Structure formats: C-alpha cells, structure tokens
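The chain contents come next:
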Amino acid sequence: MDGAGEGRVVVVGGGIAGLLAARVLADRHLEVRVLDRDHPERGDPSTPRRGVPQGHHIHALLPRGRQILEELFPGLTRQLVDAGAPSGDLLGDARLHLSGHRFARAGADLTTVSVSRPYLETCIRDRVAALANVTIGPPTDVLGLVTTPDGKRVRGVRVLRRADGSAEEVLDATLVIDAMGRGSRTPTWLRELGAAEPPQERIAGDLGYATRHYRLDPTVLGGDWGTLQAPTPHCPRGGALARIEGDRWIVTLFGLLGDHPSTDPVGFEDFAASLTFPDLGEAIRSGTPLDDPVAYRFPASVRCRYERLRRFPDGLLPIGDAVCSLNPIYGQGMTVAALQALALREHVRRDGASEPRRWLHRVARILDAPWDMVVGGDLAHPEVEGPRTAKVRVLGAYIARLHAAAARDPRLAVAFARVMALVDPPTSLLRPGTAARVLHGGGPTARRVVGTRPTGHLDPRKEVRR
Ligand SMILES: Cc1cc2nc3c(=O)[nH]c(=O)nc-3n(C[C@H](O)[C@H](O)[C@H](O)COP(=O)(O)OP(=O)(O)OC[C@H]3O[C@@H](n4cnc5c(N)ncnc54)[C@H](O)[C@@H]3O)c2cc1C
C-alpha cells in the first residue's frame, strides 16, 4: 500500500462515464485519479482510441445529456459549435423516422449538438484534466481490487502501468468507481471475493453497425443537421446521418437480427439505398467518402442487476456501461452516464461516498426508463427473444400507434421526442390528453410505410399521409 489513499478516489476507466464521475467527485474529494489502460491518440482529437471501439460510430448526444454536460462544463456547447459541430433542435432541425413513420416537424425545445464521440470525449477530458485535484493516466491496467480481509470493504486497486519494466503495484483509495464499460471486470472480481455475480438481463438483437465519413453538400438534407431511421418489425435495417465537426458527415448503418451492413464500400452504399426512407441513401450518393466503412457488432443489450445482490462491498460504485449497456440505436448511453453523474454528486452529498446499496438502487431507477425503451423496441421484432410481458405488449402496441399518429400530429411528435431525449418521463405519454390524441390521431386511418427486406425502398413522400 502506498499509505496515501485517505480521501483518494480511483476511477477505473476514462470513457464518458469515468470522466463525468471524476468531474463531480472532484468537488468533494482531495484527490481523484482516473486510470485507463488506453491513452488518447496524440494529434487529431477526432480519432477514436483503441479502448473505445464504438467511438468510430455515430454518437447522438441526447438533449438531456447536453444540458447536463453544459451544467458540469459551462460553455461546452459553445466550444463544440465553434469547432464546427452543428447545434439544433432534435425535431425541428433534424428528421426522425420511427416505426416506419416520419415524425411531423416541430420545434421541441430540445437543443442538442452533433459531434463525434472522440472529439466530445477529448473536450470533456481536457476540462476534467484541468481540475486541480484530478490526475488522468498514465496508461494503466487495473488488475483487481484490494479489500479488507473479510472482503467487505474495497481499499484500493492492483495496477500495472503500460510501460516497459513495470511491476504490479497497489494504489490505496477510499472509493473506487467502476467505469470500465461493457467489459467491466466487477462481476469476476466479486466472484474472486467469494461473493455472487450480479443477475444479468440480456436482450439479444444481434445488431451490426457500419460507419463511414463523407464530405457532403451542407444543404444535402435541406438544411437539417441529421436524419435517423430506426428498424421496424417489417424491416430490420436502419441508419443515421449527421453533420459533425470538421466539415464532415458521419453515416452509420445498422441492422438487427444478423442483417448487418457491409463494410465493402459498394455494399455499404447499397445497404443505405435499401432503407425504407430514401433521404440518407440519396444524400450520400453524390458525396465524397473520406474513409472506408468500419464495423461494430453489438450482440445484446445487457443490464447487470447489482441492486438485487445481497452482498456488495463498501467503497465500490459501478457506473455507466459497466452496469448497463443499451442497444445504441436509441442513442442513450452517454446521457444515461450523465444522469448517473448527477446522481453520484447527490449520493456523495447525502449518503457518503462509499455506501453502495443506495447507489445501486439510484442507478437502477435511472436505468428503468431507457431499459424499458430498448426492451420494448427490440421485442417489437418477433424474432428477438425476451420476456414479452403484458406490459411490454400493451405499451408496444400503444407506442406503435403513437408513432403513426406523430407523423401528422406535431404535439405527439414533440411528446415522444421529449421522452426519447430523456427529458420527460415515459409516463408523460400516458397523460389523458396525449392518450386521447394517440387513440384518435393514429389507429386505422394512419397509413404506414411498411419497409420490406431489402429489395428496394418505398418512397415515404408518397406513402405517408400528413
Ligand atoms: C456502436 C455503439 C454506438 C453508440 N452510440 C451511442 C449514441 O449514439 N449515443 C450515446 O449516448 N451513446 C452511444 N453509445 C453508448 C456509449 O458509447 C456509452 O454508453 C457511453 O460512452 C458510456 O460508456 P462508459 O464510459 O461507461 O464506457 P466506455 O466508453 O466503454 O469506457 C470504458 C473505459 O474503461 C477502460 N477500461 C476498461 N477496463 C479497464 C481496466 N481493467 N483497466 C483500465 N482501464 C479499463 C477502457 O479502456 C475505456 O476507456 C454507443 C455504443 C456503441 C457500442
């Protein structure tokens, strides 16, 4: 032990969740150390780093996430916009296609900023690194926990620096944050301590992503900064296109149930052209590709139910993807990490840093809404296995009807976008006024663009009644 751990927090993982945890903990702790096995690439701040392979792909920052980042790092939105990232309304300045319907355009008071994941992380990391009591790096593997002999309290971590001639060391800490992401080692470390691993919930959508950057005419979407179309039960394919910093557009294509986009340039553009709505495919047809497509496979959304464990050591708090890794089509992960960072600030203030039980329940409450959204969306596909409870089936039918009605009812479009943006709770969609609009505005008269498996696309401008 180095004997200097009193008041020290070790954050394992320097992704978005780890950096945001460090930011809020720096207000109350003497020393915060962020340890990551990776180190950011020098030079181009938009280059994804090895430890975060998802950084190649589109990363929508939901409006609630942007609000929180702005609160934690005042002026961040301006900084991103000054670097060329477009800022605009989620619904008024971008296109949303859900359940085969293009949502009515409306100002939703949902401002966001469209930026690449590596650049956003770079800006956040620079701000966190500038805090007087925070140290980030050097590249270090965290190998395990150090606990009291009874295993009830975490007292530090075993580490190995990524440098020639390094030897394993112990770093004392009063609090360890697990921000290791989807590959978190905490379940294994708990088992090594003789404790139970967390029960896991998995929804396996067998999702594949492929992403490529383009130079496009700025007016290619009629001035909009982006477009998203989600898969439907009739068409497992979707895609998103967004302008980002550096005068570039990022195109991410995705497919569920093994219907994955190709990384071959021709196959990639064919996949884009096969989408139900033509705007994305048409936009890139005349563009200049800047790189080759890069793939990512996401077999399943996974939620670790730590809050259900009877034993969990004091002094260890998991956060971010380490607890729950959500189907990325819904773009929620960074915003969920930001919501958890605010909760961590509150937790440390009210319950003391090292108390895990209330923390794990707080995290579970934050996760319930986004998890339900992902489960409901994925289970709408009959081939995806999972518990189709009565709640899932009834809400699924209601949401499908709402999406249909939102194609011509701007108030419903705004109501859903605010829930999707994690600004309003899902229960807001069940308010009597909203429910009445869903029941009368959707239903049998709403015609849907029914995507087919990729033999071509229908033109939604002809199919969707407005
Ligand atoms: C394909 C894809 C697309 C996505 N799109 C979106 C989107 O549009 N919008 C959105 O909000 N979210 C999106 N997400 C989710 C988002 O990336 C994460 O939810 C979010 O960044 C929070 O991640 P995290 O910080 O918890 O983990 P990560 O970003 O995975 O970071 C974990 C860090 O821990 C480090 N690490 C792990 N183990 C160790 C160890 N033992 N020792 C030292 N370091 C270690 C890794 O090097 C890494 O830097 C997407 C995810 C994927 C997979």
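> Summarise the domain arrangement of the protein chain; cite the residues concerned and give the values.
The assigned domain composition of the protein chain is domain 1 (8-58 + 121-200 + 301-368) and domain 2 (85-115 + 206-299 + 387-466). Distance from the C-alpha centre of domain 1 to the C-alpha centre of domain 2: 32 Å. Taken together, the contact pairs 17 residues of domain 1 with 22 residues of domain 2. Between domain 1 and domain 2 lies a buried interface of about 1,600 Å² when both sides are counted; carbon and sulfur atoms form 71% of it. Three residues, His-57, Ile-58 and Ile-329, lead the burial of domain 1 against domain 2; their summed loss comes to 45% of the area buried on that side. Taken together, the links from domain 1 to domain 2 amount to zero salt bridges. Put simply, domain 1 and domain 2 have four residue pairs in polar contact (both at pLDDT 80 or more) between them. With three residues, the single largest contributor to the side of domain 1 that touches domain 2 is helix α8 (residues 333-351). A class-by-class count of the residues in the side of domain 1 that touches domain 2 yields seven nonpolar, nine polar and one charged.

> Explain the nonpolar core to me, and be specific about the residues and the numbers.
Membership of the largest hydrophobic core comes to 121 residues, with the highest contact counts inside it found for Leu-20, Leu-25, Leu-80, Ile-124, Val-157, Ile-177 and Leu-344. The element best represented in this core is helix α9 (residues 356-379), accounting for ten residues. Of the domains in this structure, domain 1 (8-58 + 121-200 + 301-368) and domain 2 (85-115 + 206-299 + 387-466) are the two that each give at least three residues to this core. Membership of the second largest hydrophobic core comes to 15 residues, among which are Tyr-214, Leu-216, Phe-271 and Ala-272.

> With reference to specific residues and values, describe the confidence of the model for the protein chain.
Across the protein chain, the average pLDDT comes to 91, with 92% of residues at 70 or higher. Counting interchain partners and residues more than four positions distant, the pLDDT-below-50 stretch residues 443-466 has 53 contacts.

> How would you sum up the packing of aromatic side chains? Please name residues and give values.
This structure, assessed with the given rule, holds three aromatic pairs. Between Tyr-306 and Phe-312 the ring centres are 5.5 Å apart and the planes differ by 75 degrees, which places this aromatic pair in the edge-to-face class. Classification of Phe-312 by relative accessible area gives buried; the value is 8%. Over the aromatic face of Phe-298 sits the side chain of Arg-182, whose NZ or CZ is 4.3 Å from the ring centroid.

> Kindly report on the pairing of strand β9 (residues 154-161), identifying the contributing residues and their values.
Here strand β8 (residues 140-147) runs beside β9; their pairing, made up of seven bridges, is antiparallel. Looking at β9, one finds that Thr-140 is bridged to Arg-161. In sequence, β8 turns back onto β9 through a hairpin of six residues, with Gly-151 there showing a positive phi of about 75 degrees. Strand direction decides the pairing type here: β9 and strand β10 (residues 169-172), joined by four bridges, are antiparallel. Bridge pairing links Val-157 to Leu-171 in β10.

> Any details on the pattern of salt bridges? Residues and values, ideally.
Enumeration according to the criterion identifies 30 salt bridges in this entry. Residue Arg-23 pairs with Asp-27 through a salt bridge whose shortest N-O separation is 3.1 Å. According to the relative accessible area criterion, Asp-27 is exposed, its value standing at 52%. In this structure, Asp-141 engages Arg-37 in a salt bridge whose closest nitrogen and oxygen atoms are separated by 3.0 Å.

> An account of the sheet that holds strand β7 (residues 134-136) is requested, with residue identities and associated values reported.
With respect to topology, five strands assemble into an open sheet ordered β7-β2-β1-β11-β20, the strand pairing being parallel. Since the sheet does not close on itself, it has two edges, and those belong to β7 and β20 (316-318), each with one partner. On average, each strand axis in the sheet is tilted by 15 degrees relative to the strand beside it, whichever way the strands run.

> Would you mind going over the site of the ligand in detail, with residue names and values included?
Neighbouring the ligand are 30 residues; Asp-36, Ala-60, Arg-117, Asp-321 and Met-334 lie closest to it. In the environment of the ligand, a nitrogen atom lies 3.2 Å from a nitrogen or oxygen atom belonging to the backbone of Arg-37. Within the backbone of Gly-331, an N or O atom sits 3.3 Å from an oxygen atom of the ligand. In the complex, the protein chains occlude 96% of the 1,000 Å² of accessible area that the ligand would expose alone. Every element with two or more residues in the shell around the ligand is listed here: α1 (16-25), β8 and α8. Across the shell around the ligand, the residue classes tally to twelve nonpolar, twelve polar and six charged.

> Any details on helix α11 (residues 410-420)? Residues and values, ideally.
In an α-helix, one full turn covers 3.6 residues, which means residues spaced three or four apart are oriented alike. Where burial is concerned, most of α11 is hidden: eight out of the eleven residues are buried. Among the structural elements, β4 (94-98), β14 (226-229), α9, α10 (390-406) and α12 (432-441) are those in contact with the buried residues of α11. Put simply, Asp-409 is the residue that caps the front of α11, since its side-chain oxygen is 2.9 Å from the backbone nitrogen of Arg-411. Note on α11: the residue one or two positions beyond its end, Leu-422, has a positive phi of about 60 degrees.

> Outline the packing of α1 against α8, supporting the account with residue identities and numerical values.
Contact geometry for α1 and α8: axes closest at 9 Å, N-to-C directions at 25 degrees. As the angle between them shows, α1 and α8 are arranged roughly parallel. Two packed elements cross with a definite hand, and for α1 against α8 that hand is right-handed. Here Ile-16, Ala-17, Leu-20, Ala-21, Val-24 and Leu-25 of α1 lie close against α8, whose contacting residues are Met-334, Ala-337, Ala-338, Ala-341, Leu-344, Arg-345 and Val-348.

Criteria and cut-off values
Residues numbered from 1 in each chain as written. Predicted model: local features only at pLDDT ≥ 70, side-chain atom pairs only at ≥ 80, totals over all residues. Heavy atoms only, no water. Domains from an automatic or database assignment. Contact = heavy atoms within 4.5 Å. Buried area = accessible area lost by both parts, 1.4 Å probe. Salt bridge = Lys/Arg side-chain N within 4 Å of Asp/Glu carboxyl O. Polar contact = N/O pair within 3.5 Å; in protein donor to acceptor, adjacent residues only side chain to side chain. Helix = DSSP H or I, 4+ residues; strand = E, 2+ residues; numbered from the N terminus. Nonpolar A, V, L, I, M, F, W, Y, C, P; charged D, E, K, R; others polar. Core = buried A, V, L, I, M, F, W, Y, C linked by side-chain atoms within 4.5 Å. Buried < 20%, exposed > 50% of the residue type's maximum accessible area, 1.4 Å probe, protein only. pLDDT = per-residue confidence, 0-100. Phe/Tyr/Trp six-rings, centres within 6.5 Å; stacked < 30°, edge-to-face > 60°. Lys NZ or Arg CZ within 6 Å of the ring centre and 35° of its normal. Pairing = 2+ DSSP bridges. Axes fitted to C-alpha atoms, helices over the stretch in contact; angles between N-to-C directions. Near = heavy atom within 4 Å. Areas by Shrake-Rupley, 256 points an atom, 1.4 Å probe, with all protein chains shown as cover. Parallel < 35°, antiparallel > 145°, perpendicular 65-115°, else oblique. Left-handed = near helix turned anticlockwise from the far one by under 90°.

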